[in-house]
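The residues making up each chain are set out below.
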Amino acid sequence: MYFITSNEGKFREVSRIAKYFGIEVEWLRMDYLEPQCSELEEVARISAEIISKKIKENFFIEDSGLFIEALKGFPGVYSSYIFKTIGNEGILKLMDGITNRRAYFKAVLAYWDGKEIHIFEGKVEGEIATEIRGSGGFGFDPIFLYNKKTFAEMGDEKNEVSHRRRVLEKFFTWLQKSRDL
Ligand code: ITT
């Protein structure tokens, strides 16, 4: 099963979680052009449609975003660009003085089975920290608090509760069932 991403941190987590389910995932490192859409579902579906025209094998991709309540869901679908530009420090600055720190990560997975696309979703609620903490994980992990620790401080524990874990759990359970039919 191919997993397509340009993000090494994502691949590391996906292959680790897949192992819990006895599934071997192969990394197809590809930087595909993401369409500009207002919903993650649309980004994932359209990206998978474009890739399916180039690749014969079954594959899946996963698009994630950080949604901050006080910023009306920002950076959301723009998470990748915002991380590359203002980064974690920039997000902390935007959140300066804001007491509502609720946020969530959402992951949308699109699986191409050779004929059609199947969509799955996973979400995890947390808060934006007031400082950068921890050295594990990647991306926004050092500022995303889950039960008092940031994802970057949780090590492998992140893979038990993350948006990625939740979406993959749904996908792999579905995959196992549909293979048994
Ligand atoms: P691909 O699209 O090639 O898979 P990407 O890094 O562009 O890689 P996304 O668009 O899905 O991936 O991710 C949006 C941003 O959110 C990006 O900057 C990631 O680093 C960040 N992100 C995604 N999942 C994360 C996680 O589990 N922890 C922290 N940050 C995460």
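The rules behind each value
- Residues numbered from 1 in each chain as written.
- Predicted model: local features only at pLDDT ≥ 70, side-chain atom pairs only at ≥ 80, totals over all residues.
- Heavy atoms only, no water.
- Helix = DSSP H or I, 4+ residues; strand = E, 2+ residues; numbered from the N terminus.
- Rg over C-alpha atoms; globule rule 2.2 N^0.38 Å.
- Buried < 20%, exposed > 50% of the residue type's maximum accessible area, 1.4 Å probe, protein only.
- Contact = heavy atoms within 4.5 Å.
- Areas by Shrake-Rupley, 256 points an atom, 1.4 Å probe, with all protein chains shown as cover.
- Lys, Arg positive; Asp, Glu negative; His and termini not counted.
- Charge placed at Lys NZ, Arg CZ, Asp CG, Glu CD.
- Phe/Tyr/Trp six-rings, centres within 6.5 Å; stacked < 30°, edge-to-face > 60°.
- Lys NZ or Arg CZ within 6 Å of the ring centre and 35° of its normal.
- Near = heavy atom within 4 Å.
- Polar contact = N/O pair within 3.5 Å; in protein donor to acceptor, adjacent residues only side chain to side chain.
- Nonpolar A, V, L, I, M, F, W, Y, C, P; charged D, E, K, R; others polar.
- Salt bridge = Lys/Arg side-chain N within 4 Å of Asp/Glu carboxyl O.
- Pairing = 2+ DSSP bridges.

**A word on the overall build of the protein chain**
Within the protein chain, the secondary structure is distributed over seven helices and seven strands. Computed over its C-alpha atoms, the radius of gyration of the protein chain comes to 16 Å, within 12% of the 16 Å expected for a compact globule of 181 residues. Over its C-alpha atoms, taken along the principal directions, the protein chain stretches across nearly 50 × 35 × 25 Å. By the burial criterion, 48% of the 181 residues in the protein chain qualify as buried. Excluding contacts between residues fewer than 6 apart, the proportion of contacts in the protein chain whose partners are at least 24 apart in sequence is 60%. For the protein chain, the computed accessible surface area is about 9800 Å², with 48% contributed by carbon and sulfur atoms. Looking at charge distribution, the protein chain has the averaged site of its 27 positive side-chain charges lying 0 Å from that of its 29 negative ones.

**Points about the packing of aromatic side chains**
For the structure on display, the rule yields 17 aromatic pairs. Their ring planes at 55° and their centres at 4.9 Å tell us that Phe144 and Phe151 sit as a pair that is tilted. Here Phe144 and Phe151 have matching classes, each one buried. Members of the aromatic cluster, connected to one another through ring pairs, are Phe3, Phe21, Phe60, Tyr111, Phe120, Phe171, Phe172 and Trp174. Stacked on the ring of Tyr104, the Lys or Arg Lys123 has its end atom at 4.2 Å from the ring centre.

**What to know about the site of the ligand**
Around the ligand there are 20 residues in total, and Thr5, Ser6, Lys10, Glu34 and Asp141 lie nearest to it. Contacts to the ligand include Thr5, whose side-chain N or O atom sits 2.6 Å from an oxygen atom. Against a free-state accessible area of 610 Å², the protein chains account for coverage of 94% of the ligand. Among the secondary structure elements, those contributing two or more residues to the shell around the ligand are β3 (59-68), α3 (79-85) and α7 (163-180). Across the shell around the ligand, the residue classes tally to five nonpolar, eight polar and seven charged.

**Looking at the environment of Glu157**
Positionally, Glu157 belongs in the loop between α5 (151-154) and α6 (158-161). As a C-alpha pair, Glu157 and Pro35 span 122 residues in sequence and 32 Å in three-dimensional space. Separated by 3.2 Å, the side chains of Glu157 and Lys149 make a polar contact.

**Here we look at the pattern of salt bridges**
Applying the stated criterion across every chain yields a total of 12 salt bridges. Salt-bridge contacts for Lys106 lead to Glu121; the nearest nitrogen and oxygen are separated by 3.8 Å. With Lys106 in strand β4 (residues 102-112) and Glu121 in strand β5 (residues 117-128), this residue pair connects regions lying 15 residues apart in the sequence. Judged by its relative accessible area of 14%, Lys106 is buried. What makes Glu121 partly exposed here is its relative accessible area of 34%.

**Section: the pairing of β3**
Judged by how many residues are buried, β3 sits mostly within the fold: nine of 10 residues are covered. Of the strand pairs in this sheet, strand β1 (residues 2-5) and β3 are connected by two bridges, and their pairing is parallel. The residue bridging Tyr2 from the neighbouring strand is Phe59, located in β3. Pairing geometry for β3 and β4, over 10 bridges, is antiparallel. Across the sheet, residue Ile68 finds its bridge partner in β4, namely Ala103.

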